[in-house]
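Survey of secondary and tertiary structure
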Amino acid sequence: MTHHHPLFPQPLAHTQTQSQTHLLHLLSPSSSSMGEQTLSQTPSSTTQSLSPPPSSSPTPTPTPNSPSLSSPKDLCVANPPSSKLPFRPKKIRKLSSASDPSSKKPATSNRLVAIGRPLSADGEVAAALRHLRAVDPHLSAVIDVHEPPTFQCFQPPFRCLARSILYQQLAFKAAASIYARFLSLCGGEAGVVPEAVLALSPHQLRQIGVSGRKAGYLHDLARKYHTGILSDGSIVAMDDRSLFSMLTMVKGIGAWSVHMFMIFSLHRPDVLPVGDLGVRKGVQLLYGLEDVPRPSQMEQLCERWRPYRSVGAWYMWRLVENKGGPTVASTAGTVEVQQQQQQPQLIDPIQMLPSLG
C-alpha cells in the first residue's frame with residue numbers, strides 16, 4: 001500500500017483527467033448536432049403557435065428536419081386551439097353596418113317643413129274643398145250650403161302686423177277710426193314702413209287714440225324690422241313653425257294674432273287656430289259634442305283636415321255664424337263678440353274683429 005504525501009496531489013490529477021474526458025464527450029460533434037436540433041424546435045414551435053391554422057389546406061407532412069408531431073405533447077404546443085385567436089368577424093360586420101349612413105333613420109328634429117301653395121294660388125281653394133269633402137262627410141255638408149272662401153288681397157306683412165296691433169281689444173268702429181288716423185300720420189298705406197313708425201313719438205300716437213302700451217308694441221315691431229330680425233321677405237319664406245316662433249317674440253303679438261295673420265294675410269293653407277273660440281264652437285256643432293273642445297283636443301279632432309285646416313277653420317266660422325253664436329274670441333277665451341259686418345265670402349278677423357293677441 002502506497003502512501004502519498006499531502007503535498008503531491010496525484011489522486012486529484014486523476015480526478016481532473018476523468019472530468020476532462022467527460023467534458024470532451026459532451027462536446028463531441030454528435031452531441032453538438034443533437035443540441036442544435038433540440039434548440040431548433042423551440043422557434044419552430046413558437047412560430048406555428050402564433051399563426052392561425054389554414055382552414056382549407058391539408059395537414060403538412062413532417063419532414064426529417066422538422067420536429068415530429070406524433071406526440072400529444074408536441075401537438076398541444078405546435079397546434080393550439082383556434083378558439084384562442086381574437087377573431088370576431090360578426091362584431092366587425094355589425095360595426096360596419098351601424099356606421100353605414102343608409103342604415104340610420106333620418107333625423108326629424110332639424111327637418112324643414114315645406115310651405116304649401118298659398119290659398120290665393122289658382123285652383124288651390126278648389127283642391128282644398130275636394131280634399132275636405134272626401135275626408136269629412138260632416139264638413140262636406142257644411143261646404144254644400146256656403147259659398148267657397150276667396151283669398152285674393154295680399155298686403156305687405158309689416159302693414160298687416162301693425163294693423164293687427166292697433167285693432168286689439170277695440171270695437172270695430174273705434175279701431176277703424178284709429179287706423180285711419182294712423183295712416184294719415186304715415187302718409188297713406190304705402191307709408192306704413194318700419195322707418196316711418198319709428199319716427200312717430202309716443203305722444204303723436206297718443207294724440208290719435210293709440211295707448212302707450214300699443215305704441216310700445218308698434219315700436220318693438222318696427223325695431224325688429226330695422227335691426228334685420230324680421231323682414232317682409234323672411235316672413236313670406238318662413239315655414240309655419242318658424243314663423244310662429246319669430247312673430248310671438250314681438251311684444252303684443254300672441255298666438256291668435258299669428259294664426260289670423262297666417263290665414264288671412266299670407267294665405268297659408270294648413271293653419272288651425274286652436275285657441276279661437278269660434279273655431280272650437282264650430283267643431284262642437286259639427287260633431288255634436290257635449291262640450292266645447294279644449295285647445296289641446298283640437299289637433300286630434302281636426303287632424304283629417306290636413307293639409308287644408310285653414311279652410312276647415314273658415315267653415316267653422318260660417319257654421320257658428322249661421323247658428324247665431326260667437327265668431328271669435330281672444331286666445332284666453334274671455335272676450336266674445338258678434339260679427340260686426342256681413343261678408344258672405346270672406347271674413348278677415350284682423351280687420352273686422354276687435355279681440356286680437
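Now for a look at the structure at hand. (Residues numbered from 1 in each chain as written. Predicted model: local features only at pLDDT ≥ 70, side-chain atom pairs only at ≥ 80, totals over all residues. Heavy atoms only, no water.)

1. Some remarks on the overall build of the chain
If you tally the helices and strands in the chain, you get 18 helices and 2 strands. A buried classification covers 36% of the 357 residues belonging to the chain. In the chain, once contacts between residues fewer than 6 apart in sequence are set aside, the share between residues at least 24 apart is 64%. Of the roughly 21400 Å² of accessible surface on the chain, 58% is carried by carbon and sulfur atoms. (Helix = DSSP H or I, 4+ residues; strand = E, 2+ residues; numbered from the N terminus. Buried < 20%, exposed > 50% of the residue type's maximum accessible area, 1.4 Å probe, protein only. Contact = heavy atoms within 4.5 Å. Areas by Shrake-Rupley, 256 points an atom, 1.4 Å probe, with all protein chains shown as cover.)

2. A closer look at the pattern of salt bridges
Following the criterion strictly, the structure yields 12 salt bridges and no others. Between E124 and R117 there is a salt bridge, and its shortest N-O distance comes to 3.2 Å. With relative accessibility at 7%, the residue E124 sits in the buried group. Look at R117 and you get partly exposed, because its relative accessible area is 47%. With a closest N to O distance of 3.1 Å, K224 and D220 form a salt bridge. In this pair, K224 and D220 both sit in helix α11 (residues 212-226), 4 residues apart, roughly one turn of the helix. For the pair K224 and D220, a shared accessibility class is recorded, and that class is buried. What you see here is one network of salt bridges that share partners, running through D270, E299, E303, R306 and R309. (Salt bridge = Lys/Arg side-chain N within 4 Å of Asp/Glu carboxyl O.)

3. Quick look at the packing of aromatic side chains
Overall, the coordinates contain 6 aromatic pairs when judged by the stated rule. For the ring pair F264 and W317, a centre distance of 5.7 Å and an interplane angle of 35° mean the geometry is tilted. A residue pair is termed long-range when its members are at least 10 positions apart, and F264 in helix α14 (residues 255-264) and W317 in helix α17 (residues 309-323) qualify at 53 residues. On the basis of relative accessible area, F264 is assigned to the buried category, the value being 6%. Under the relative-accessibility criterion, W317 is labelled buried at 2%. (Phe/Tyr/Trp six-rings, centres within 6.5 Å; stacked < 30°, edge-to-face > 60°.)

4. Some remarks on the packing of helix α5 (residues 124-135) against helix α6 (residues 137-144)
Each pair of packed helices can be described by the angle between their axes along with the distance between the axes. Where α5 contacts α6, the axes come no closer than 6 Å and their chain directions differ by 135°. Relative to α6, the element α5 lies oblique. Mapping the contact onto sequence places L129, L132, R133 and V135 in α5 and P137, L139, S140, I143 and D144 in α6. The residue inventory of the contact of α5 with α6, partitioned by class, reads 6 nonpolar, 1 polar and 2 charged. (Axes fitted to C-alpha atoms, helices over the stretch in contact; angles between N-to-C directions. Parallel < 35°, antiparallel > 145°, perpendicular 65-115°, else oblique. Nonpolar A, V, L, I, M, F, W, Y, C, P; charged D, E, K, R; others polar.)

5. Observations concerning α14
Counting buried residues along α14, 9 of its 10 residues qualify, which places the element largely inside the surrounding structure. Listed in full, the buried residues belonging to α14 are W256, S257, V258, H259, M260, F261, M262, I263 and F264.

This is a description of form; function is not addressed.
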